[in-house]
Structure formats: C-alpha cells, structure tokens
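Here is what each chain is made of, one letter per residue.
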Amino acid sequence: MPAPRTPTVAMLARTLLVPYVLGVALIVWLPASIAGRVTGLAFRIARFVSENFGIALSTSYTVFEFLANIALFVPFGLLLAAAWPRTSPWLIILIGYATSATIELVQTLLPSRVPTISDVVANTLGTVIGCLALHAVLQMSHAGRRLRASTVEA
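Notes on the structure in this doc start here. (Residues numbered from 1 in each chain as written. Predicted model: local features only at pLDDT ≥ 70, side-chain atom pairs only at ≥ 80, totals over all residues. Heavy atoms only, no water.)

**A short note on the overall build of the chain**
Counting its secondary structure elements, the chain contains five helices and zero strands. Seen in sequence order, the chain has helices and strands lined up from the N terminus as α-α-α-α-α. Compactness check: the chain gives a C-alpha radius of gyration of 19 Å against a globular reference of 15 Å for 154 residues, more than 25% above the reference. Within the span of the chain, comprising 154 residues, buried residues form 29% of the whole. Considering only contacts within the chain whose residues lie at least 6 apart along the sequence, 66% involve residues at least 24 apart. Here the chain displays about 10,000 Å² of accessible surface, and carbon together with sulfur accounts for 74% of that area. When the 10 basic and 5 acidic side-chain charges of the chain are each reduced to a single mean position, those positions are 13 Å apart. (Helix = DSSP H or I, 4+ residues; strand = E, 2+ residues; numbered from the N terminus. Rg over C-alpha atoms; globule rule 2.2 N^0.38 Å. Buried < 20%, exposed > 50% of the residue type's maximum accessible area, 1.4 Å probe, protein only. Contact = heavy atoms within 4.5 Å. Areas by Shrake-Rupley, 256 points an atom, 1.4 Å probe, with all protein chains shown as cover. Lys, Arg positive; Asp, Glu negative; His and termini not counted. Charge placed at Lys NZ, Arg CZ, Asp CG, Glu CD.)

Shown next as structure tokens:
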C-alpha cells in the first residue's frame, strides 16, 4: 500500500523553509557591518521615533530591535506549523527556541556579533505567534466550513 500523499500546502511550506532559513542564517551570522545593511531598518525607525517623539534613541532602538527579532521568527513558526500540520505546537515552539539558542551560541564565536538572551526570547515569541496564527486561521476556516454546512442544511 502506498504512503499517504503529503498535502500541497505542507510541501510548499517545506520548500519555502529552505530560502527562509538561508536568509535568516545570512542575517544572523554575517559580520554586523554587512548584516546591518539588511537589518538597518530597525535603527532607522528607532531614530525617527527618537527624533519625533522625544524618546531616547537607546530605548527606542531596544524596542524596535526586539520587535524586529519577533517579526523575523513569525514566518518560522508559521512555516513549521504548515509544513508539519500534525506536529504539536509545543514541539514547534521548542524547535524555535532551540534554533534561536543555537544562533546565539554561534554568535559567541563571531567577533562582530553580540549574542543576547533577549534575542532568544524575541525569536521564540515570534515562533509562538507564527504557530498560533496558523492554528487560529485553521480554526476559523474549520468553523466557517461548519457554519456554511449548517446553514446549507437548514
């Protein structure tokens, strides 16, 4: 008997994980001067907020850098959850945490990078948000199908 066929969405998510992971690896492991060209957006936003709202640049940069780390890992949680839909969300979150911790450990070996616990927290939170977002969308689509089915029957 042949193995069950993998859903198209799962195959697409698995395929998209490859360039996503490569992109993240370049952002987090390239020398800071090179990666800063890509990640400089958080600094520019922080500087704008600082200049226009009277918030210290160090404070606004810390906030926007934390938010950028969350945003960086939202697709990771979403793609993992879509790629392996039967996997427990807890396992996906653990994978996000382990991936982030590994990134920070490798950064200890790179002279131009500064590893931080806050990055691990933000990245893990991004994984949680991505995973939960996909599960919420799936729940809503299932609820919508049930609602449409019940109104058709009525």
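Alright, that's what it looks like, and here's the rest.
**As for the environment of Phe 43**
Positionally, Phe 43 belongs in helix α2 (residues 32-53). Judged by its relative accessible area of 35%, Phe 43 is partly exposed. For the pair formed by Phe 43 and Leu 57, sequence separation is 14 residues and the distance between their alpha carbons is 8.8 Å. Those residues in contact with Phe 43 that lie beyond four places of it in its chain are Leu 57 and Tyr 61.

**A short note on the packing of helix α1 (residues 8-29) against helix α4 (residues 89-107)**
Running from amino to carboxyl end, α1 crosses α4 at an angle of 35°, the nearest separation of the two axes being 10 Å. Pair α1 / α4 crosses with right-handed handedness. Contact residues: α1 offers Val 24, Val 28 and Trp 29, while α4 offers Ile 103, Val 106 and Gln 107. For the contact of α1 with α4, the residue count by class is five nonpolar, one polar and no charged. (Axes fitted to C-alpha atoms, helices over the stretch in contact; angles between N-to-C directions. Left-handed = near helix turned anticlockwise from the far one by under 90°. Nonpolar A, V, L, I, M, F, W, Y, C, P; charged D, E, K, R; others polar.)

**With respect to a nonpolar patch on the surface**
There is a patch of nonpolar side chains on the surface, built from Leu 91, Leu 94, Ile 95 and Tyr 97 and spanning about 360 Å² of accessible area. Its location among the elements puts Tyr 97 in helix α4. (Patch = residues over 30% accessible without salt bridge, like charges linked within 9 Å, V, L, I, M, F, W, Y side chains within 5 Å. Salt bridge = Lys/Arg side-chain N within 4 Å of Asp/Glu carboxyl O.)

**Comments concerning the packing of aromatic side chains**
If you walk through the whole model with that rule in mind, you get three aromatic pairs. Between Tyr 20 and Phe 76, the aromatic rings sit 6.0 Å apart at their centres with planes inclined by 20°, giving stacked as the arrangement. With a gap of 56 residues between them, Tyr 20 in helix α1 and Phe 76 in helix α3 (residues 57-83) connect regions that are remote in the sequence. According to the relative accessible area criterion, Phe 76 is buried, its value standing at 6%. On the basis of an interplanar angle of 65° and a centroid distance of 6.0 Å, the ring pair of Phe 43 and Tyr 61 is categorised as edge-to-face. Within this pair, whereas Phe 43 is found in helix α2, its partner Tyr 61 is found in helix α3, the two being separated by 18 residues in sequence. Tyr 61 sits in the partly exposed class, given a relative accessible area of 34%. (Phe/Tyr/Trp six-rings, centres within 6.5 Å; stacked < 30°, edge-to-face > 60°.)

**Quick word on the layout of surface pockets**
In this model, the second largest pocket occupies a volume close to 180 Å³. Here the residues of the lining of the second largest pocket are counted per class, giving six nonpolar, one polar and three charged. (1 Å grid on protein atoms, 1.4 Å probe; cavity = no way out; pocket = protein on both sides within 12 Å on 5 of 7 lines; lining within 4 Å. Points joined across faces, edges and corners; volume = space filled by probe spheres on them.)

**As for the side chain of Asn 69**
Examined against the element boundaries, Asn 69 turns out to sit in helix α3. On the accessibility criterion, Asn 69 (10% relative accessible area) is buried. Those residues in contact with Asn 69 that sit more than four places away from it in its chain are Asp 119, Ala 122 and Asn 123.

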